[in-house]
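# Structure assessment
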Amino acid sequence: MKHLIIIIALLSSLCLAQQEATLSGIIKTDGDVPEGTRVAIHVVDRDGVWQREVVNASPVAGTFSITTKPLEASELSVMRNGSILLPGLQNEYTINPSEGVNFALARVNMYVDANGNEVFDRTTDAFFIGVPSLENPIGFFTLIYVDKAVTLSGRGVDLNLAPGWNVFTVRFPESSQADTSPPSPDYAVQPSVEDIVMDVFLP
């Protein structure tokens, strides 16, 4: 029994050590947001198809804020050089360590919970179409989960991902009139973003 308690305590500490990510922003859509709308985070497969719903939240007055939860080991895949297509970097990067890291990708989505069971049902719930973006300055983001610390290197930048959830962002600063060439994209990895724009519509 004593050994079992120690193992449970160790597993609990590992879960607590996993970084969470908080995503927040505004919703842009035609008309009012329908009753029962949920903003959700879904794990996605390599084709971008929604898998398990990690967490969801109800929008408030056209805004939302949602915080991730840990994933199960069965939801992760082996991470390799260039195995994730990242906005701006594409797959032109390497990872260090090059072995022993597992990952998952997730997307922020919106749907109308038609049957009120607080989880997405493919047969009954209508989902919004649109591309989430960043506003200040304009850019895009990718939600990545890793089970070990790993560094992505590409395009002259090193990006450190902590165990747990990370938000990869690329932003495109505006150039001034005096600039003769557009500024380089600004890449970052962080635990939260607050300027997401969900520009969506119901089909």
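Predicted model only: the values in this text are computed from it and were never measured. (Residues numbered from 1 in each chain as written. Predicted model: local features only at pLDDT ≥ 70, side-chain atom pairs only at ≥ 80, totals over all residues. Heavy atoms only, no water.)

Taken together, the side chains of Val131, Ile138, Phe140 and Phe172 define a hydrophobic patch exposed on the protein surface, amounting to about 360 Å² of accessible area. Mapped onto the elements of the fold, valine 131 is located in the loop between strand 9 (129-130) and strand 10 (133-135). (Patch = residues over 30% accessible without salt bridge, like charges linked within 9 Å, V, L, I, M, F, W, Y side chains within 5 Å. Areas by Shrake-Rupley, 256 points an atom, 1.4 Å probe, with all protein chains shown as cover. Salt bridge = Lys/Arg side-chain N within 4 Å of Asp/Glu carboxyl O. Helix = DSSP H or I, 4+ residues; strand = E, 2+ residues; numbered from the N terminus.)

This part covers the environment of arginine 38. By secondary structure assignment, the location of arginine 38 is in strand 2 (residues 37-44). On the basis of relative accessible area, arginine 38 is assigned to the buried category, the value being 13%. On a C-alpha basis, the gap between arginine 38 and phenylalanine 127 in space is 9.4 Å, while along the polypeptide they are 89 residues apart. With sequence-adjacent residues up to four places away left out, arginine 38 is seen in contact with Asn56, Ala57, Ser58, Pro59, Asn109, Met110, Tyr111 and Asp113. At a separation of 2.4 Å, a polar atom in the side chain of arginine 38 contacts the side chain of serine 58. (Buried < 20%, exposed > 50% of the residue type's maximum accessible area, 1.4 Å probe, protein only. Contact = heavy atoms within 4.5 Å. Polar contact = N/O pair within 3.5 Å; in protein donor to acceptor, adjacent residues only side chain to side chain.)

This brings us to the environment of glutamine 51. Among the secondary structure elements, glutamine 51 is positioned in strand 3 (residues 50-57). At 3.3 Å, the side chain of glutamine 51 and the side chain of aspartate 45 are in polar contact.

With respect to the helices and strands, serine 133 occurs in strand 10. Those residues in contact with serine 133 that sit more than four places away from it in its chain are Gly139, Phe140, Phe141, Asp195, Ile196 and Val197.

Mapped onto the secondary structure, alanine 61 falls in the loop between strand 3 and strand 4 (63-67). Under the relative-accessibility criterion, alanine 61 is labelled exposed at 81%. In sequence terms alanine 61 and aspartate 32 are 29 residues apart; their C-alpha atoms lie 9.5 Å from each other.

By size, the foremost hydrophobic cluster in this structure holds 29 residues, and its most contacted members are Leu23, Ile41, Leu71, Leu143, Ile196 and Met198. Taken together, the elements giving at least two residues each to this core come down to strand 1 (22-28), strand 2, strand 3, strand 4, strand 7 (102-112), strand 11 (138-146), strand 14 (164-171) and strand 16 (192-201). Leucine 23 has contacts with Ile41, Phe64, Ser65, Ile66, Val108, Phe141, Leu143, Val167, Val193 and Ile196, leaving out every residue within four places of it along the chain. If you look at the next biggest cluster of nonpolar residues, it comprises 23 residues, including Trp50, Leu89, Phe120 and Ile144. (Core = buried A, V, L, I, M, F, W, Y, C linked by side-chain atoms within 4.5 Å.)

This part is about the side chain of threonine 37. Position of threonine 37 among the secondary structure elements: in strand 2. Here proline 34 takes part through its backbone oxygen, which lies 2.7 Å from a polar atom of the side chain of threonine 37.

Moving on, we get to the sheet that holds strand 13 (residues 157-161). Spatial ordering of the open sheet is given by 6-12-13, a layout of three strands whose pairing is antiparallel. Sheet topology places strand 6 (94-96) and strand 13 at the edges, where each strand pairs with a single neighbour. Geometrically, the sheet is characterised by an average inter-axis angle of 25 degrees between neighbouring strands, direction not taken into account. Sheet topology note: the strand 6/strand 12 (residues 150-154) ladder contains three bridges and is antiparallel. Bridge pairing in strand 12 links threonine 94 to serine 153. (Pairing = 2+ DSSP bridges. Axes fitted to C-alpha atoms, helices over the stretch in contact; angles between N-to-C directions.)

Take the pattern of salt bridges next. Tallied over the full model, the rule gives three salt bridges. With a shortest N-O distance of 3.0 Å, arginine 155 and glutamate 92 are connected by a salt bridge. You can see arginine 155 sitting in the loop between strand 12 and strand 13 and its partner glutamate 92 sitting in the loop between strand 5 (77-78) and strand 6, a full 63 residues away along the chain. For glutamate 92, a relative accessible area of 48% gives the class partly exposed.

A separate point is the layout of surface pockets. The calculated volume of the largest pocket comes to roughly 430 Å³. For the largest pocket, the lining is made up of 20 residues, of which Arg107, Val108, Gly130, Val131 and Pro132 are closest to its centre. For the lining of the largest pocket, the secondary structure elements donating two or more residues are strand 7, strand 9, strand 11 and strand 16. Among the elements that line the lining of the largest pocket, the one with the most residues is strand 7, at five residues. (1 Å grid on protein atoms, 1.4 Å probe; cavity = no way out; pocket = protein on both sides within 12 Å on 5 of 7 lines; lining within 4 Å. Points joined across faces, edges and corners; volume = space filled by probe spheres on them.)

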